[in-house]
Amino acid sequence: MLPSDDSDASLVDRLESLALAPHAFRHREHVRVAFAMLRADGLGVGGARFRRALREFAEHCGAARKFDEALTAAWLERIAARIAATPELTDSAAFLAAHADLLDATAVRR
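Residues numbered from 1 in each chain as written. Predicted model: local features only at pLDDT ≥ 70, side-chain atom pairs only at ≥ 80, totals over all residues. Heavy atoms only, no water.

So, on to the overall build of the chain. Summing up its helical and strand segments, the chain has four helices and zero strands in all. Along its sequence from the N terminus, the chain presents helices and strands in the succession α-α-α-α. Relative to the compact-globule value of 13 Å for 110 residues, the chain shows a C-alpha radius of gyration of 13 Å, a close match. Dimensions of the chain, computed from the C-alpha atoms along their principal axes, are close to 35 × 35 × 25 Å. (Helix = DSSP H or I, 4+ residues; strand = E, 2+ residues; numbered from the N terminus. Rg over C-alpha atoms; globule rule 2.2 N^0.38 Å.)

See the structure below:
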């Protein structure tokens, strides 16, 4: 369960400071953090920031082998394309409401 401050910025901060429990960072939270970072900094800088945060979190949780660069890149590209198509969506709740298919964790493996 996430703390009461469930804003995108708070989620990003908690991920980067390694203050999230593994059970609190599921697929939805991955997409939310990627959205926040990509919207703020674009695919280059935001994507690198997301990769670094995700890799560090996986290592911190003892799950470094779970990090998959190719899968992460595919998701980042998909999310970045949706951000570009709907720039008026400024928070992850609105973004995910408009792009609910992104909540299917298996979507990029098809």
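From this point, the discussion proceeds with the structure in view.
Taken together, the buried positions of helix H1 (residues 8-16) are occupied by Asp8, Ser10, Leu11, Val12, Arg14 and Leu15. Looking at the packing, one finds that the buried side of H1 touches helix H2 (27-60) and helix H4 (92-98). At the C-terminal side of H1, leucine 18 shows a positive phi close to 60 degrees. (Buried < 20%, exposed > 50% of the residue type's maximum accessible area, 1.4 Å probe, protein only. Contact = heavy atoms within 4.5 Å.)

In this description, an aromatic ring pair is defined by two values, namely the gap between the centres and the angle between the planes. The full count for this structure, using the stated rule, is two aromatic pairs. Relative to phenylalanine 57, the ring of phenylalanine 25 has its centre 5.2 Å away and its plane inclined at 70 degrees; by these criteria the two rings are edge-to-face. Taken together, the residues phenylalanine 25 in the loop between H1 and H2 and phenylalanine 57 in helix H2 connect sequence positions 32 residues apart. Here arginine 78 stacks its cationic end above the ring of tryptophan 75, 6.0 Å away from the centre of that ring. (Phe/Tyr/Trp six-rings, centres within 6.5 Å; stacked < 30°, edge-to-face > 60°. Lys NZ or Arg CZ within 6 Å of the ring centre and 35° of its normal.)

Glancing now at the pattern of salt bridges. This structure, assessed with the given rule, holds seven salt bridges. Among the ionic pairs, glutamate 16 bridges to arginine 49, the shortest N-O distance being 2.7 Å. Of the two residues, glutamate 16 sits in helix H1 while arginine 49 sits in helix H2, which places them 33 residues apart along the sequence. With relative accessibility at 32%, the residue glutamate 16 sits in the partly exposed group. Taking the relative accessible area as the measure of exposure, arginine 49 reaches 22% and is therefore partly exposed. (Salt bridge = Lys/Arg side-chain N within 4 Å of Asp/Glu carboxyl O.)

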